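Structural overview for review
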Amino acid sequence: MTRIILVGYMGSGKTTVGRQLALALGISFYDLDWYIEMRYHRSVAQIFRESGEAGFRELERNMLHEVAEFENVVLSCGGGTPCFFDNMQYMNSLGDTVYLKASPEVLAAHLRMARVERPLIKGKTNEELLAYIRESLREREPFYSQAKHILDVNLLDNYEKIETSVRLLRNELGV
Ligand code: S3P
């Protein structure tokens, strides 16, 4: 039974790499944010607006417990998922966790394009975005680092490199 769980900051490529990895392994792919949106018929941004971050985190934990029980899957979770409750411990108890690790500069470059739909970074200037990433990555790193595997994805900026990351990941996981 294969259960691979990808963690890491927003913009680290969890969804992109996760989808390709699942495709290569011929197993299902789940993205926790998408799953939440499908189950609740509300976007993540809408949930943040209506229930606040605390409300979102409760719901995120419940949905993690639902999805993480599925077998033969690759699951990419949200950037904050490992940092609340005992989520990281829970994920480690269920499968092969992988931290997709990238520098604040690389993350900022990826996120410049996708600020609007992410409530935590919406409306920030480029300088504010980089400062925010540096600060919150420092807080989150201790959680992400508890993953069983770490993959450096700093070079992940085009399709060829995504394929390389998937190859490295398969090698690391032995799948
Ligand atoms: C969040 C990351 C988002 C989403 C929500 C909060 C975070 O997921 O869960 O906006 O706290 O870092 P992605 O990492 O998939 O963008």
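Notes on the structure follow.

**Details of the packing of helix α3 (residues 44-67) against helix α4 (residues 87-94)**
It is the contact of α3 with α4, at a shortest axis distance of 11 Å, that shows an interaxial angle of 5 degrees. Classed by the angle they form, the pair α3 and α4 counts as roughly parallel. From α3, Arg61, Leu64 and His65 reach across to α4, where they touch Asn87, Tyr90 and Met91. Its residues placed into classes, the contact of α3 with α4 shows 3 nonpolar, 2 polar and 1 charged.

**Considering the pattern of salt bridges**
Taken as a whole, this structure holds 8 salt bridges when the rule is applied. Put simply, Glu53 and Arg57 hold a salt bridge, and the shortest N to O gap is 2.9 Å. One end of the pair, Glu53, and the other, Arg57, are both in helix α3, 4 residues apart, so they sit about a helical turn from each other. Note on Arg57: relative accessible area 4%, which makes it buried. When the shortest N-O distance is used, the salt bridge between Glu60 and Arg57 registers 2.9 Å. One end of the pair is Glu60 and the other is Arg57, both in helix α3 and 3 residues apart, which spans about a single turn. Glu60 gets classed as buried once you look at its relative accessible area, which sits at 1%.

**Comments concerning helix α1 (residues 14-25)**
Residues that lie three or four places apart on an α-helix share one face, since the helix turns once every 3.6 residues. With 12 residues, α1 should cover 16 Å at 1.5 Å per step; its first-to-last C-alpha distance of 16 Å lies within 8% of that length. Regarding α1, the residues found buried are Lys14, Val17, Gly18, Gln20, Leu21 and Ala22. Downstream of α1 by a residue or two, Gly26 has a phi angle that is positive, lying close to 65 degrees.

The rules we used
Residues numbered from 1 in each chain as written. Predicted model: local features only at pLDDT ≥ 70, side-chain atom pairs only at ≥ 80, totals over all residues. Heavy atoms only, no water. Axes fitted to C-alpha atoms, helices over the stretch in contact; angles between N-to-C directions. Helix = DSSP H or I, 4+ residues; strand = E, 2+ residues; numbered from the N terminus. Parallel < 35°, antiparallel > 145°, perpendicular 65-115°, else oblique. Contact = heavy atoms within 4.5 Å. Nonpolar A, V, L, I, M, F, W, Y, C, P; charged D, E, K, R; others polar. Salt bridge = Lys/Arg side-chain N within 4 Å of Asp/Glu carboxyl O. Buried < 20%, exposed > 50% of the residue type's maximum accessible area, 1.4 Å probe, protein only. Expected span 1.5 Å × (residues − 1).

Keep in mind these values describe shape, not function.
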